[in-house]
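Each chain is listed here by its residues.
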Amino acid sequence: MAGADGAAEGTPDATYAALEGPRTFTSAPEVRSSVLSHSKSHPRMLESNATSHVWPLGALAELLDNAQDQECGATRVDVDAFELSPGKMALSVQDDGIGMGRPNLHSMLSFGFSSKEHVSGNVGRFGIGFKSGSMRIAHDALILTRREGQASAALLSTTFLNAISADDILIPMFTWATTPKAAGGHTYVAQEPSNTGEWEENMSVIEQYTFLGSEKAVLAELNKITTPTGTRIVLFNLKDPPEFDFSVKNDVRMLAMDLEGEVLRSSSRRPVYQQHRAGQQMTLDVPEDYSLRAYMEVLYLRPTVTFSLRGELIAPRCPLERLALEYYKFEDYTPMGLPDERKAPIVVHCGYQEEKSKHCGFHIYNKNRLIRMYQRFGAQLQANAMMKDMLGVVEADCLEPTHNKQAFNTTDIAYQKCQKHLEKSMNDYYFGVQNLRLAGIGAGGKRRTLAPKGGTSKKGKDAKGKGKGLKGKGKGKNDDGLGESDDDDAWVAKRAKLSANGKQKTVDFFPRILRRCMSHKNSWAFNEPVDAEYWGVLDYYEIIKTPMDFSTMVTKLDNGEYKTEGSAHGPRKFVTDARQVFYNAWTYNTPGHQVYDFAQEVGRIFEQEIAKAVGPEDVWGLKQGNILAMCGPAPAKEKDGALVLGDAEMKNEPGALVVDQEAIAAMVETRVAHVVATANAQRDEALGKLQDERAAREAFEAEMESMLAESLRAAREEEKGRYAKLESEKDTLLSALSDSSEMKKMYQEKVKALEVELKALKERGQVVS
């Protein structure tokens, strides 16, 4: 016991006096917690907090994050699913980390306690991940943990809290002192709660609201932690309606649901489950969306622990490894103005997959943890074919994830700067690769490969120019020794020089013509094969029997199918394939459609480039069968007094465009016929509209006449009824007036009789005044 003075200082009255006295202190006063009110957390807080997770697999990943964090000290994490009773499944997550003491376990089950914020390698920071994740998946969570000399168990149960109508979050918790046995296993001695009554009360909750019927069963569950230390979390009483499919032995998958909770899969073409992403097709199958195994394979960019799912090891799939074709790593970029604890570079990796895939976009990681999958930016969100197969990985440790770790805070200035940097990098990469493919022929029919090593590329000659080598500014060199110059004439000259030195077998102008066509702003429809499913033209390949596109021509060019040595077969095949691209567009689309117009525009450019390249001699006869008549006339304009058709001046100079008069005549005839047909169609349409309007007007007039006649008839009937009513009222009033006159006369006669009688009485003296 303390002395009298000490007791007086520690009483509530003394504390109140200290609080109410003059505040001359330089630091916050020490206040006893028993004096102030306690703010409760209602059990509904658990349910509302869990709503931050829309996607169940993202909620389950919260439990994996705790095991992945460095302070856990785990080397292996096992995720399992088992049946508690027929039709009742449970999920467990178990690690071999250092375990938790009772204070750490209590903090984990409380809100907002986190020591992970801005710690290197840890993505958590809010102290709500376990509560929100576990309560999103199940109604109840049992936590068992063992560290050196101590073991603890706790139950976070909304079933229990709702059953007792609790207004605060109550958690049964036990702690045992442990000693290892020589023969294996552990000896457990009850430690907390020290009061036997409290222990039994807590244990009764475990026995009634869990699948464990006694303390012995709890210890048996603890012994499933086979390593000296570790933590085991069991999620049971999974949410209804069921969200998981446990039929696959080595996986946990999502079920497709409709709004009423019924299992649904509307079409065999649609995936089992798909998260919404801007620009993504509804029929695109993304296994990571519905398969826990597939999701765990890419969840961490560089896993620090070994994961297993239902007894089978997880084989990590590093997203960097799939960028095997034309891989490129940009220079690190650190946004300005960030606080010191958030300063970290943004690293962008770009590339393509070896096999053809409809997936595109970027995997964005924050502190080694996947936040966004297949996020599209820039041209990938637009209705064109640009960058539709470009893949990438972004390491963005400086960004702020949202609470559920499935998105970023888009209002943060750092995110906006990251997005701008990423879109610029995409443009640099895409157009740089186009230059490499067309100007640096010699990749053997395949995209050039710079496979990543350990997730990074060497910053040597290949990365010359601080990430701008792909821009095509002439700062790097291709495999054939040619710089990435944008000057076509200089490029042809270099190719000719190398050919003279014996370094190149063929000098031709086909790559330049292809590059000229593919770089046009409206050529996106012809640069890649038509994806009939993506564009919704499922009958395309039924109508088009000979599909062709510019990327296929690039591959043929690499394979040497358009060789010009000693034969005209190769050049003629080149122009035939190119014209086939435009014929296909005109065959499938109708005049006036944008793709039809694009084909006319790009086709005109192609014929102009061919005419300039072959000259007036045209030794291979490439100008024969040109498609200028189908392309229509180019916009005419004046330049230095000479008539210009499109980009070519009408001059009879060597190398200039020579106009085929017969082609022009056929073109004019075709255009005139088209104009006449259009005018006739417009006339017929106008006449049809006039006839329809006349019929409609006559019907309207007839309807109005009928309505007017009906209105007049109704008005007449109403007037007749009103007249009859007024006549009846008049007769009633006259009759009442007549009766009133008779009554008045009767009353007057009665009054006179009474007056005579009164007068007689007065005269006889019977009335006293």
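This structure is a prediction, so every number in the text was calculated from the model and none was measured.

1. Thoughts on the overall build of the chain
Broken down by element type, the chain carries 21 helices and 19 strands. Long-range contacts, defined as pairs at least 24 residues apart, comprise 65% of the intrachain contacts of the chain with a sequence gap of at least 6.

2. Some points on the side chain of Arg310
Among the structural elements, Arg310 can be located in the loop between strand E10 (306-309) and strand E11 (312-313). There is no salt bridge for the buried Arg310, and the closest opposite charge comes from Asp80, which lies 4.6 Å off by N-O distance. Of the polar contacts made by the side chain of Arg310, one reaches the backbone oxygen of Val248; its length is 3.0 Å. The residues contacting Arg310, other than those within four sequence positions of it, are Val79, Asp80, Ala81, Phe246, Val248, Lys249, Asn250, Asp251 and Val252.

3. What about the environment of Gly351?
Its location among the elements puts Gly351 in strand E13 (residues 346-352). The buried category is assigned to Gly351, whose relative accessible area is 0%. For the pair formed by Gly351 and Leu325, sequence separation is 26 residues and the distance between their alpha carbons is 5.8 Å. When neighbours within four sequence positions are excluded, Gly351 is seen to be in contact with Leu323, Leu325, Glu326, Tyr327, Asp389, Met390, Leu391 and Tyr429.

4. A word on the pairing of strand E12 (residues 325-329)
Taking burial as the measure, the five residues of E12 include five buried ones, the bulk of the element. For E12 and E13, the ladder comprises three bridges, and the chain directions are antiparallel. Residue pairing for E13: Tyr328 is matched across the bridge by Cys350.

5. Some points on the packing of helix H17 (residues 550-558) against helix H18 (residues 569-588)
It is the contact of H17 with H18, at a shortest axis distance of 10 Å, that shows an interaxial angle of 165°. One finds that H17 runs roughly antiparallel with respect to H18. Viewed along their axes, H17 and H18 form a crossing whose handedness is right-handed. From H17, Phe550, Met553 and Lys556 reach across to H18, where they touch Lys573, Phe574, Asp577, Ala578, Val581 and Phe582. Considering only residue class, the contact of H17 with H18 consists of six nonpolar, no polar and three charged.

6. Details of empty space enclosed by the protein
Applying the stated criterion across every chain yields a total of four cavities of 30 Å³ or more. Size it by volume and the second largest cavity reaches roughly 40 Å³. Lining of the second largest cavity is provided by Met296, Tyr300, Pro303, Phe307, Ile314 and Pro316. Across the lining of the second largest cavity, the residue classes tally to six nonpolar, no polar and no charged.

7. Details of the state of the cysteines
As enumerated under the stated definition, the model contains zero disulfides in all. With no disulfide of its own, Cys398 has Cys418 as its nearest cysteine by sulfur position, at a separation of 6.5 Å.

Criteria and thresholds
Residues numbered from 1 in each chain as written. Predicted model: local features only at pLDDT ≥ 70, side-chain atom pairs only at ≥ 80, totals over all residues. Heavy atoms only, no water. Helix = DSSP H or I, 4+ residues; strand = E, 2+ residues; numbered from the N terminus. Contact = heavy atoms within 4.5 Å. Buried < 20%, exposed > 50% of the residue type's maximum accessible area, 1.4 Å probe, protein only. Lys, Arg positive; Asp, Glu negative; His and termini not counted. Salt bridge = Lys/Arg side-chain N within 4 Å of Asp/Glu carboxyl O. Polar contact = N/O pair within 3.5 Å; in protein donor to acceptor, adjacent residues only side chain to side chain. Pairing = 2+ DSSP bridges. Axes fitted to C-alpha atoms, helices over the stretch in contact; angles between N-to-C directions. Parallel < 35°, antiparallel > 145°, perpendicular 65-115°, else oblique. Left-handed = near helix turned anticlockwise from the far one by under 90°. Nonpolar A, V, L, I, M, F, W, Y, C, P; charged D, E, K, R; others polar. 1 Å grid on protein atoms, 1.4 Å probe; cavity = no way out; pocket = protein on both sides within 12 Å on 5 of 7 lines; lining within 4 Å. Points joined across faces, edges and corners; volume = space filled by probe spheres on them. Disulfide = S-S within 2.5 Å.

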